[in-house]
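Residues per chain are reported as follows:
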Amino acid sequence: MSNKKITTSELREKLFIEQLNEVSVLKFSKNALHRLSISDSTLSVRELQQLQLGFEKAANKGSEVSLIIVNNIAYIVSIKNSTVITALSDYGTKKRVINEIDSIVFM
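Residues numbered from 1 in each chain as written. Predicted model: local features only at pLDDT ≥ 70, side-chain atom pairs only at ≥ 80, totals over all residues. Heavy atoms only, no water.

Draft legend 1. Highlighting the pairing of strand 5 (residues 103-106). The alternating pattern of strand 5 places S103 and V105 on a buried face and I104 and F106 on a face that is not buried. As judged from the four bridges shared by strand 2 (residues 65-70) and strand 5, these two strands associate in the parallel manner. What sits directly across from I69, in strand 5, is F106. (Buried < 20%, exposed > 50% of the residue type's maximum accessible area, 1.4 Å probe, protein only. Helix = DSSP H or I, 4+ residues; strand = E, 2+ residues; numbered from the N terminus. Pairing = 2+ DSSP bridges.)

Draft legend 2. Broad picture of unusual backbone geometry. Even without being glycine, S82 reaches a positive phi, approximately 55°. By the element assignment, S82 lies in the loop between strand 3 (73-78) and strand 4 (83-88). A positive phi is found at E100, a non-glycine position, where the angle reads about 65°. Summarising the element assignment, E100 is placed in the loop between strand 4 and strand 5. E100 gets classed as exposed once you look at its relative accessible area, which sits at 69%.

Shown next, in the form of structure tokens:
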């Protein structure tokens, strides 16, 4: 039996992962889950539905990797793998270069 103590942030991240897995058809990478769990933003069911709708729109246009923006959070999504690669909640406050995307969907 492990004596490892779980920190509050680890517990929060674990609960967040469980909730996402219950309601989402998209997979979330560890990076995306970590960024979402530590951000001040929450991902509501409505926002998740918007993300999934943006995913469907990008897929219907033949995109492979898309930047989908929902309520000030930018998600980089692999359409081919149905996976959210990463999420950026502070993209407007820092200089960033996002490459290897072939579409942008504003929701």
